[in-house]
Amino acid sequence: MSKLFFLLLLSIVLHANEYVVIVNKDSHIETVSQLQLKMLFLKKTKIINDMTLIPINLNFSNNARSSFEKNILHMSRKKLKSFWIKQHYFGKRPPIIMRSSKSVLAFIKNIQEAIAYIPKKDLTDDVKVIYKWRD
Amino acid sequence: MPFFQSYKNSLFHKLLLGFLLVGFFPFLVLYLYTIILAEDRLADKIISEQNVQAQIIIDSIDSYFISLQKEIRFISRLDLMDDIIADDLDKRISHLLIQKKRI
């Protein structure tokens with residue numbers, strides 16, 4: 001019984017989605033903390049390790065975005081919505097949205113300061129991974 | 001002299017003279033005026049009317065270009081235009097421009 005339970009748990013873990021935070025390969029950033037990511041994507045800071053960064057979000061319907069909001073930002077969609085409405089009156093707008101991982105990768109390759117997250121399965125060799133998380 | 005006397009006295013001749021005085025001579029005067037003087041004025045008037053119409057068309061073209069310029073400026077400031085950096089892989093800009101074209 002315990003073996004069955006262990007196998008079930010293992011299968012869940014193996015099938016859990018993995019996501020990565022990526023930057024341009026020439027970027028000086030090597031690693032980043034969850035708190036730094038949260039501050040960056042909520043536009044409470046623009047600078048990490050003396051480097052100005054441009055956060056990129058995926059589309060609302062994307063699973064990676066939902067996972068990012070849940071595991072990194074720790075904010076529900078509703079809470080985020082009211083957060084950005086308040087920020088609007090301070091002149092702050094939410095991060096740029098890209099519809100697909102492909103366009104995110106193209107953006108990252110062209111803009112050295114860009115930082116984004118994508119599912120690990122969409123990762124290519126021409127970007128640098130600085131953070132990983134799993135559902 | 002007798003000829004002129006008979007001429008003066010004839011009713012027909014008097015009527016004829018009256019008709020010429022009332023009808024023909026004014027007509028002749030007006031005709032000469034139209035030919036000599038009014039032709040230039042008519043031409044000037046037509047030219048000025050054409051100028052006014054041309055100016056109206058110029059103004060409408062200008063206002064069309066100004067509205068186009070405003071629209072381009074607005075579209076260029078959209079966040080969507082950041083997709084240019086990613087070569088518009090998701091075709092969002094293309095779709096927007098196609099919709100604008102339809103309008």
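In case you missed it, the structure is sitting above this.
Residues numbered from 1 in each chain as written. Chains lettered and ligands numbered in written order. Predicted model: local features only at pLDDT ≥ 70, side-chain atom pairs only at ≥ 80, totals over all residues. Heavy atoms only, no water.

Chemist: Residues and numbers for the pattern of salt bridges, please.
Modeler: One pass over the structure, following the stated rule, counts ten salt bridges over all chains. Between Arg92(B) and Asp83(B) there is a salt bridge, and its shortest N-O distance comes to 2.9 Å. For Asp83(B), a relative accessible area of 2% translates into the label buried. A single salt-bridge network, built from bridges that share partners, covers Glu18(A), Lys120(A) and Arg134(A). (Salt bridge = Lys/Arg side-chain N within 4 Å of Asp/Glu carboxyl O. Buried < 20%, exposed > 50% of the residue type's maximum accessible area, 1.4 Å probe, protein only.)

Chemist: An account of the packing of aromatic side chains is requested, with residue identities and associated values reported.
Modeler: Under the definition given, this model contains eleven aromatic pairs over all chains. Here Phe83(A) and Trp84(A) contribute two aromatic rings whose centre-to-centre distance is 5.0 Å and whose plane-to-plane angle is 75°, an arrangement assigned as edge-to-face. The pair formed by Phe83(A) and Trp84(A) is uniform in burial state, with each residue classed as buried. Summarising the aromatic geometry, the rings of Phe27(B) and Tyr31(B) are spaced 5.9 Å apart at their centres and angled 25° between planes, so their arrangement reads as stacked. Of this pair, Phe27(B) and Tyr31(B) both sit in helix H2 (residues 11-76), four residues apart, which is roughly one turn of the helix. When its relative accessible area of 44% is taken as the criterion, Tyr31(B) is described as partly exposed. (Phe/Tyr/Trp six-rings, centres within 6.5 Å; stacked < 30°, edge-to-face > 60°. Helix = DSSP H or I, 4+ residues; strand = E, 2+ residues; numbered from the N terminus.)

Chemist: Lay out the sheet that holds strand E7 (residues 127-134) of chain A with the relevant residues and their values.
Modeler: All names here are of chain A. Read from one edge to the other, the open sheet built from five strands follows the order E5-E4-E6-E1-E7, with strand pairing classed as mixed. A strand with exactly one partner marks an edge of an open sheet, and here the two such strands are strand E5 (96-98) and E7. On average, each strand axis in the sheet is tilted by 30° relative to the strand beside it, whichever way the strands run. As defined by bridge partners, strand E4 (residues 54-58) adjoins E5 across three bridges and the pair is classed as parallel. Residue pairing for E5: asparagine 57 is matched across the bridge by isoleucine 97. (Pairing = 2+ DSSP bridges. Axes fitted to C-alpha atoms, helices over the stretch in contact; angles between N-to-C directions.)

Chemist: Please set out the layout of surface pockets residue by residue, giving values where relevant.
Modeler: All names here are of chain A. Put simply, the largest pocket is a space of about 250 Å³. For the lining of the largest pocket, the secondary-structure elements that each account for two or more residues are helix H3 (63-73) and helix H4 (77-88). It is H4 that contributes the most residues to the lining of the largest pocket, five residues altogether. Residues that form the lining of the largest pocket fall into these classes: eleven nonpolar, one polar and four charged. Residue classes in the lining of the second largest pocket are distributed as seven nonpolar, two polar and five charged. (1 Å grid on protein atoms, 1.4 Å probe; cavity = no way out; pocket = protein on both sides within 12 Å on 5 of 7 lines; lining within 4 Å. Points joined across faces, edges and corners; volume = space filled by probe spheres on them. Nonpolar A, V, L, I, M, F, W, Y, C, P; charged D, E, K, R; others polar.)

Chemist: Any chance you could break down the pairing of strand E1 (residues 18-24) of chain A for me, citing the residues and the numbers?
Modeler: Residue and element names in this part refer to chain A. By the criterion of burial, E1 is predominantly enclosed, with six of the seven residues buried. Taken together, the seven bridges between E1 and E7 define a ladder with antiparallel strand orientation. Residue pairing across strands places valine 21 opposite tyrosine 131, the latter belonging to E7. Looking at chain direction, E1 and strand E6 (residues 114-119) are connected through five bridges and run antiparallel. In the strand pairing of E6, valine 21 is matched with tyrosine 117.

Chemist: Outline the environment of Pro55(A), listing residues and values.
Modeler: Its place among the elements puts Pro55(A) in strand E4. Apart from the residues lying within four places of it in its own chain, the contact partners of Pro55(A) are Leu40(A), Phe41(A), Lys43(A), Pro95(A), Ile96(A) and Ile115(A). (Contact = heavy atoms within 4.5 Å.)

Chemist: How would you sum up the interface of chain A and chain B? Please name residues and give values.
Modeler: Listed per partner, the contact involves twelve residues of chain A and eight residues of chain B. The contact between chain A and chain B buries some 950 Å² in all, and 57% of this surface belongs to carbon and sulfur atoms. Run the count over chain A and chain B and you get one salt bridge. In this structure, Asp79(B) engages Arg93(A) in a salt bridge whose closest nitrogen and oxygen atoms are separated by 3.7 Å. The tally of links between chain A and chain B comes to five residue pairs in polar contact (both at pLDDT 80 or more). Contributing elements (two or more residues each) for the side of chain A that touches chain B: E5 and helix H5 (101-110) of chain A. (Buried area = accessible area lost by both parts, 1.4 Å probe. Polar contact = N/O pair within 3.5 Å; in protein donor to acceptor, adjacent residues only side chain to side chain.)

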